[in-house]
Amino acid sequence: TSLPGVVVRFTPVRAYPEGILLGQVMGYVGPIPPTLTDSRIAEGYARDDVIGLAGVEASFEAELRGASGRQQVEVDAMGRVTNVLETLAPVVPGANLVLTIDVPLQRVAATALARGMARAKSPQGALVAIDPANGEVLALVGLPGYDDNRFATGISQEDYSRLADDVWRPMFPHAIGGQFPPGSTFKMVTAAAALQEKVVTPSTNVNCTGSITRNGLVFRDWTTQGHGPVNARQALGVSCDVYFYSVAGGNPFVGLQGLGMARLATYARAFGFGEKLGIRLPGEAPGLVPSAEWKRQVKNEPWYVGDEYNAGIGQGDVLATPLQLAAMTAAIANGGTLYRPRVVRELRNPAGTTLKAFAPEAIRSVPVASEYLAAIRAGMHDTTNAPLIVPGFAGTAYGSLRPYVLDMAGKTGTAEFEGPRDAKGNLPTHALFVGYAPYQDPRIAVAIFMFGAGEGSETAAPIAGEVIRAYLFGTGATAVE
């Protein structure tokens, strides 16, 4: 049947085979938002075109877009095409992207993280895995997430509102945009700064009695009995707070002057904190490395030694993203190179020919001597493998990771945040873990964050064990009983 004035047009529709598994990585396309219409038309878009609005769909829009074709045609009085006179410009297909994401590993990571969150009754979490040799992102998981297929043909207002109004933000890129106190996973930065600045040597002992008092305030270790004399390696292995208080803010009782915040901040930034790392995805956050000036301007408060103590253990106003924690861990693992994280390996044309390969990009070499990085790695190895570091204390992740039988290195983290206190008066805590493996030949570095999930050693570390074991030995590998 002829319908004058009606033209049948084919409109391509995206299909995302992995759905929610890669939703926050892939993103989605949709109509040009009204706020961008004029600027996009000026760039050559038509008013009814679709564009990438999230994930790699947005950040690689220019490469994925291609170009529309144009023809000069004759039409009759009814507007029907009667003759094609000339093709003015052919359709140019956009490039295809080859991601760095290891999909089987992504599936293991998402499943392990979801299971760990359910056990810990955590409503939000993230996991990032990076290849320490080049900065390629092997897995990038943020939960809760969303299925980008819901946007492929136009999401309903009801479904969109349900996603947008969810307090735990399934459409937010948790792994690169979530900013949280890193807790004890930050202690490697404090150790690196203290060693490099000669505040301590690798063999310098600080006696931990369970607390330290400064200006009438008591700063407690995580264990009231204390760890006794510990050096940098041992302090990392047992996560001794008093040691890191002392090297960050000074300890007059043992004759340590301390780093001070200015020097600690310099090293924190060298390891990638307080700045965007430049991953080519929308929504990356810079985190926060505080300073006395920042505190005066933002909080209208003076700087205290307690601020340095808190910063030394990754608490107080220090904020980091899971991506930053993974990049820091990768830099320690590989000997000191901080790479820019990448999620795309290359661009290919429709025939499969490589148009552009993305080479590894080093942001900087961290200004820490190799012998000090080796001492830090040894402390991280003790964290996961040592049954006895100082009398009465094993590595903080030894018990939870022992079933995975991995030659890995890592650091647990438990970060307090404001919220209702428990029956003992304790604040709620986020659970974190960072680690890499194998210890002497690193192939994967992992960072895990879980909101309000308790102790990182208990809830976050086993997830890393499962993910690392799957990557090194196959996705069917699990804990060894």
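Before reading on, note that the structure itself is shown above.
Predicted model only: the values in this text are computed from it and were never measured.

**With respect to the overall build of the protein**
- Scanning the protein from terminus to terminus reveals 18 helices and 18 strands.
- With the C-alpha coordinates aligned to their principal axes, the bounding extent of the protein is approximately 95 × 55 × 45 Å.
- Looking at the protein as a whole, 52% of its 481 residues qualify as buried.
- Taking as baseline every contact in the protein between residues at least 6 positions apart, the subset at least 24 positions apart corresponds to 67%.

**Some points on a nonpolar patch on the surface**
- A grouping of V73, V75, V81 and V84 is seen on the molecular surface, where their side chains present a nonpolar patch of about 310 Å² in accessible area.
- When contributions to the nonpolar patch are tallied by element, the ones reaching two or more residues are β3 (70-75) and β4 (81-89).
- Considering the arrangement of structural elements, one finds V75 in strand β3.
- On the basis of relative accessibility, which here comes to 47%, the residue V75 falls in the partly exposed class.

**Notes on the packing of aromatic side chains**
- Applying the stated criterion across every chain yields a total of 13 aromatic pairs.
- Plain terms: the ring middles of F219 and Y309 are 4.9 Å apart, the flat faces sit at 75 degrees to each other, and that makes the pair edge-to-face. One end of the pair, F219, is in strand β10 (residues 217-220); the other, Y309, is in helix α13 (residues 305-312), and 90 residues separate them in sequence. By the burial criterion, F219 is buried, and Y309 matches it.
- Through a chain of ring-to-ring contacts, three or more aromatic side chains come together here, namely Y28, Y146 and F151.
- Above the ring of F60, the side-chain terminus of R280 is found at 3.8 Å from the ring centroid.

**Regarding unusual backbone geometry**
- Here L143 and P144 are connected by a cis peptide whose omega angle stands at 0 degrees.
- Phi is positive for N215, close to 50 degrees, though the residue is something other than glycine.
- With respect to the helices and strands, the residue N215 is situated in the loop between β9 (211-214) and β10.
- In this structure, S239 is a non-glycine residue whose phi angle is positive, near 55 degrees.
- The class for S239 is buried, based on a relative accessible area of 5%.

**As for the nonpolar core**
- Within the largest apolar cluster, 128 residues are counted, with the highest numbers of intra-cluster contacts made by L127, Y243, F271 and F273.
- Ranked by residues supplied to this core, first place goes to helix α14 (residues 322-334) with 9 residues.
- Every residue in contact with F273, bar those within four places of it in the chain, is listed here: F186, V189, A268, P286, V289, A320, Q324, L325 and M328.
- Counting residues in hydrophobic clusters, the runner-up holds 7 residues, among them Y16, A54, Y146 and L163.

**Quick notes on the sheet that holds strand β14 (residues 354-357)**
- The strand order across the open sheet formed by 3 strands is β5-β13-β14, and the pairing between neighbours is antiparallel. Looking along the sheet, the strands with just one partner apiece sit at the ends: β5 (96-99) and β14. Neighbour-to-neighbour, the strand axes of the sheet open up by a mean angle of 25 degrees, direction not taken into account.
- Looking at chain direction, β5 and strand β13 (residues 344-348) are connected through 4 bridges and run antiparallel.

**Some words on helix α5 (residues 103-120)**
- Along its 18 residues, α5 runs 25 Å from first to last C-alpha, staying within 8% of the 26 Å computed at 1.5 Å per residue.
- Considered for burial, the residues of α5 that qualify are L105, Q106, V108, A109, A110, A112, L113, G116, M117 and A120.
- Among the structural elements, β6 (125-130), β7 (137-143), β18 (444-450), α17 (456-459) and α18 (461-473) are those in contact with the buried residues of α5.
- Backbone geometry just after α5 places K121 at a positive phi near 55 degrees.

**A closer look at the packing of helix α8 (residues 187-196) against helix α11 (residues 261-270)**
- At their nearest, the axes of α8 and α11 sit 9 Å apart, and the two run at 120 degrees to each other. By the angle between their directions, the pair α8 and α11 is classed as oblique. Remark: the crossing between α8 and α11 carries right-handed chirality. On α11, the residues that touch V189, T190, A193 and Q196 of α8 are L264, Y267 and A268.
- In terms of residue class, the contact of α8 with α11 is made up of 5 nonpolar, 2 polar and no charged.

**Regarding the sheet that holds β7**
- A sheet is described by the order of its strands in space; here 5 strands give the open sequence β7-β6-β18-β17-β16, paired in antiparallel fashion. Either end of the sheet is taken by a strand with one partner, and the two such strands are β7 and β16 (409-416). Shown here is a sheet whose adjacent strand axes are inclined to one another by a mean of 5 degrees, direction ignored.
- Of the strand pairs in this sheet, β6 and β7 are connected by 6 bridges, and their pairing is antiparallel. Paired with A129 across the bridge in β7 is A139.
- Against the sheet, α5 contacts β6, β7 and β18, and its axis sits at roughly 35 degrees relative to β7.
- Its contacts with the sheet put α18 on β6, β7, β17 (429-437) and β18, and the angle it makes with β18 is roughly 150 degrees.

Rules used in this analysis
- Numbering of residues starts from 1 in every chain and runs along the sequence as written.
- Only residues with pLDDT of 70 or above have their local features reported here, since the model is predicted, and side-chain atom pairs are shown and tallied only from 80 upward, although totals for entire chains, interfaces and linings are computed over all residues.
- Side-chain numbers come from the whole structure's heavy atoms, not from hydrogens or water.
- Counting from the N terminus, the helices are the DSSP runs of H or I reaching at least four residues and the strands are the DSSP runs of E reaching at least two.
- Relative accessibility decides the category of a residue: with a 1.4 Å probe and only protein chains considered, values under 20% of the type maximum give buried, values over 50% give exposed, and everything between is partly exposed.
- By definition in these notes, contact holds between two residues if any of their heavy atoms fall within 4.5 Å.
- For patches, a residue must show more than 30% relative accessible area and have no salt bridge; joins then use 9 Å for like charges and 5 Å for nonpolar side chains, namely Val, Leu, Ile, Met, Phe, Trp and Tyr.
- We get accessible surface area from the Shrake-Rupley algorithm with a probe of 1.4 Å; when it comes to residues, only the shown protein chains can shield them.
- Salt bridges, as used here, are contacts in which a Lys or Arg side-chain nitrogen is within 4 Å of a carboxyl oxygen on Asp or Glu.
- Within 6.5 Å between ring centres, the rings of Phe, Tyr and Trp (the latter by its six-membered ring) count as paired, and their orientation is classed by plane angle as stacked under 30 degrees, edge-to-face over 60, tilted in between.
- By the criterion adopted, a ring carries a charge over it if an Arg CZ or a Lys NZ lies within 6 Å of its centre and within 35 degrees of its normal.
- Think of a nonpolar core as a cluster: buried Ala, Val, Leu, Ile, Met, Phe, Trp, Tyr and Cys residues, connected wherever their side-chain atoms sit within 4.5 Å.
- Pairing between strands is defined by DSSP: at least two bridges between them are needed.
- Angular values range over 0 to 180 degrees, each being the angle between N-to-C directions of two axes fitted as lines to C-alpha atoms, with helices fitted over their stretch in contact.
- The span expected for a helix works out to 1.5 Å for each residue beyond the first.
- In this scheme, roughly parallel covers angles under 35 degrees and roughly antiparallel covers those over 145, while 65 to 115 is roughly perpendicular and the rest are oblique.
- Here a crossing is called left-handed whenever its near helix is offset anticlockwise from the far helix by less than a right angle, and right-handed whenever the offset is clockwise.
- Polar here means any residue other than Ala, Val, Leu, Ile, Met, Phe, Trp, Tyr, Cys and Pro, which are nonpolar, and Asp, Glu, Lys and Arg, which are charged; Gly is therefore polar.

Taken by themselves, the reported measurements are silent on function.
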